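# Structural characterization, general
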Amino acid sequence: MNKSLQILLIVFLIVGAVIMFALVWADARFELVRSAPHISHESMVDADTGLRAVVFPERIPQGFIDTVLEGNTWATRALNWTMPHEVALLSRTRVDDDDISLQFVINNRRLGPVIQQYVNEETNLPSTALFSWSPEGLQRQRRGLLKLDGEVHVDRAVMQNRDSRWSGARPRLHLPLEGGHMFELILDNRQGAAYILAGAYAVSQQLGQDALVNMALEALRDVDHLHATGDFLTDTDLGLNIRIECDPQGQENTPQAMAFFLEMLLTELRTSLQADYGVELTGAAEVDGFTVQGRYRLRRFDRFFL
């Protein structure tokens, strides 16, 4: 081998070593190269988990992403490269105390340290009369797992009313997800979680004197759980299914009351979505025994992001 080829080979080896070192450093520092493992939020769910809402971004159709990003090839590739495996919101309610905790969990695929720094330094985490986030901000638990802790502020009267209905209720196995959906939510009211969250919202919005609100809260006392799922029907339309299971041992008119309040809320929401975003919400709820089943469609859901 002549001297020039030897020099060229050495240069290639040095450049290759530098590139490899840079990639290893970038991956260790920014989680840039390797995809993090799928870490399910299920490991954080127990019998006291009253609310869990989970989004699986990988189930968002590519056509929706292309529409929102207006065909920007580089932005699409970057988003697909960094798309989280799942994002979850959990709320834990214990019967024996006033501890209503929140956990916002991101199972990120890449760029965990970058996401953590951006959220903590460049955004103002919202805190309201209803809830607040931990001053420590978004924390990196390990590669692929970011967690933000918070708490719901619950009025003492709401807790006392909860105690009058659910005092002594024993923890049960948590309700399982159906699975396979882009979005899924379970609001478990077997220990009063739905009642507490709705009551806390009513207090934060100063709705305590509203007769309809008080009627809705009373109806919630006989609700077992609420289950909702969301899936794309087309690249731009989102289908939503909402099921409310009422306690067969409760008031006979509870299912009809919940269907009425659900439709009342969605009627106001329809008007707002159409006026503010041009998004059309169609569908209705039906009562079958002690079950309220609502099937809805959000047409041009992409307009939320345009």
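Here, the structure is the one placed above.
Procedures and definitions
- Residues numbered from 1 in each chain as written.
- Predicted model: local features only at pLDDT ≥ 70, side-chain atom pairs only at ≥ 80, totals over all residues.
- Heavy atoms only, no water.
- Helix = DSSP H or I, 4+ residues; strand = E, 2+ residues; numbered from the N terminus.
- Contact = heavy atoms within 4.5 Å.
- Phe/Tyr/Trp six-rings, centres within 6.5 Å; stacked < 30°, edge-to-face > 60°.
- Buried < 20%, exposed > 50% of the residue type's maximum accessible area, 1.4 Å probe, protein only.
- Lys NZ or Arg CZ within 6 Å of the ring centre and 35° of its normal.
- Pairing = 2+ DSSP bridges.
- Patch = residues over 30% accessible without salt bridge, like charges linked within 9 Å, V, L, I, M, F, W, Y side chains within 5 Å.
- Areas by Shrake-Rupley, 256 points an atom, 1.4 Å probe, with all protein chains shown as cover.
- Salt bridge = Lys/Arg side-chain N within 4 Å of Asp/Glu carboxyl O.
- Axes fitted to C-alpha atoms, helices over the stretch in contact; angles between N-to-C directions.
- Parallel < 35°, antiparallel > 145°, perpendicular 65-115°, else oblique.
- Left-handed = near helix turned anticlockwise from the far one by under 90°.
- Nonpolar A, V, L, I, M, F, W, Y, C, P; charged D, E, K, R; others polar.
- Core = buried A, V, L, I, M, F, W, Y, C linked by side-chain atoms within 4.5 Å.
- Polar contact = N/O pair within 3.5 Å; in protein donor to acceptor, adjacent residues only side chain to side chain.

### Considering the environment of Leu-220
- By the element assignment, Leu-220 lies in helix α7 (residues 211-220).
- For Leu-220 and Tyr-195, which are 25 residues apart along the polypeptide, the C-alpha to C-alpha distance reads 5.9 Å.
- Ignoring any residue separated from it by four or fewer positions in sequence, one finds Leu-220 in contact with Trp-166, Asn-189, Ala-194, Tyr-195, Ala-198 and Met-258.

### Some thoughts on the packing of aromatic side chains
- Evaluated as defined, the whole model comprises nine aromatic pairs.
- Ring centres 6.0 Å apart and planes at 70 degrees place the aromatic pair Phe-232 and Phe-301 in the edge-to-face group. Within this pair, whereas Phe-232 is found in strand β8 (residues 223-232), its partner Phe-301 is found in the segment after β11 (291-299), the two being separated by 69 residues in sequence. As far as the burial class goes, Phe-232 and Phe-301 line up, both buried.
- On the basis of an interplanar angle of 65 degrees and a centroid distance of 5.3 Å, the ring pair of Phe-260 and Phe-261 is categorised as edge-to-face.
- For Phe-261, a relative accessible area of 6% corresponds to the buried category.
- A network of ring pairs unites the aromatic residues Phe-64, Phe-232, Tyr-277, Phe-301, Phe-304 and Phe-305 as a single cluster.
- If you follow Arg-77 out to its NZ or CZ, it ends over the ring of Trp-74, 5.4 Å from the centre.
- The residue whose ring lies beneath Arg-221 is Tyr-195, and the NZ or CZ to ring-centre distance is 5.6 Å.

### Description of the pairing of strand β3 (residues 100-107)
- Across the eight residues that make up β3, a large majority, seven, are buried.
- Bridge count between strand β2 (residues 86-93) and β3: eight bridges; the pairing is antiparallel. Bridge assignment links Ala-88 to a residue of β3, and that residue is Val-105.
- Looking at chain direction, β3 and strand β6 (residues 145-152) are connected through six bridges and run antiparallel. Residue Gln-103 lies in a different strand from β6, and its bridge partner there is Asp-149.

### Looking at a nonpolar patch on the surface
- Taken together, the side chains of Leu-212, Met-215, Phe-260 and Met-264 make up a nonpolar region of the molecular surface, amounting to roughly 370 Å² of accessible area.
- Relative to the helices and strands, Met-264 resides in helix α8 (residues 254-277).

### Notes on the packing of α7 against α8
- Look at α7 against α8: their axes get within 10 Å of each other, and the N-to-C directions meet at 135 degrees. What the angle tells us is that α7 and α8 run oblique. The two elements α7 and α8 meet at a crossing, and its hand is left-handed. Where α7 approaches α8, its residues Leu-212, Met-215, Ala-216, Ala-219 and Leu-220 are matched on the opposing element by Thr-254, Ala-257, Met-258, Phe-260, Phe-261 and Met-264.
- Residues belonging to the contact of α7 with α8 are distributed by class as follows: ten nonpolar, one polar and no charged.

### Here's the deal with the nonpolar core
- Counting 49 residues, the largest nonpolar core has Val-152, Leu-220, Ile-244, Met-258 and Leu-298 as its most contacted members.
- Beyond its immediate stretch of four places on either side in the chain, Met-258 contacts Ala-219, Leu-220, Val-223, Ile-244, Cys-246 and Val-292.

### Let's talk about the side chain of Thr-76
- By the secondary structure assignment, Thr-76 is in helix α3 (residues 73-82).
- Of note is the side chain of Thr-76, whose polar atom sits 2.8 Å from the backbone oxygen of Asn-72.
- When sequence neighbours within four positions are dropped, the list of residues in contact with Thr-76 reads Gln-62, Ile-65, Asp-66 and Leu-69.

### Here we look at the packing of helix α5 (residues 156-166) against helix α6 (residues 193-204)
- Relative orientation of the contacting elements α5 and α6 amounts to 155 degrees, with a least axis distance of 10 Å. What the angle tells us is that α5 and α6 run roughly antiparallel. Two packed elements cross with a definite hand, and for α5 against α6 that hand is right-handed. Along the contact surface, α5 presents Val-158, Met-159, Asn-161, Arg-162 and Trp-166, while α6 presents Tyr-195, Ile-196, Gly-199, Ala-200 and Val-203.
- Here the residues of the contact of α5 with α6 sort into seven nonpolar, two polar and one charged.

### Some details on the environment of His-153
- With respect to the helices and strands, His-153 occurs in the loop between β6 and α5.
- Overall, His-153 belongs to the partly exposed group, its relative accessible area being 30%.
- Separated by 25 residues in sequence, His-153 and Thr-128 place their C-alpha atoms 9.1 Å apart.
- Among the polar contacts listed, one links the side chain of His-153 to the side chain of Ser-132, at a separation of 3.2 Å.

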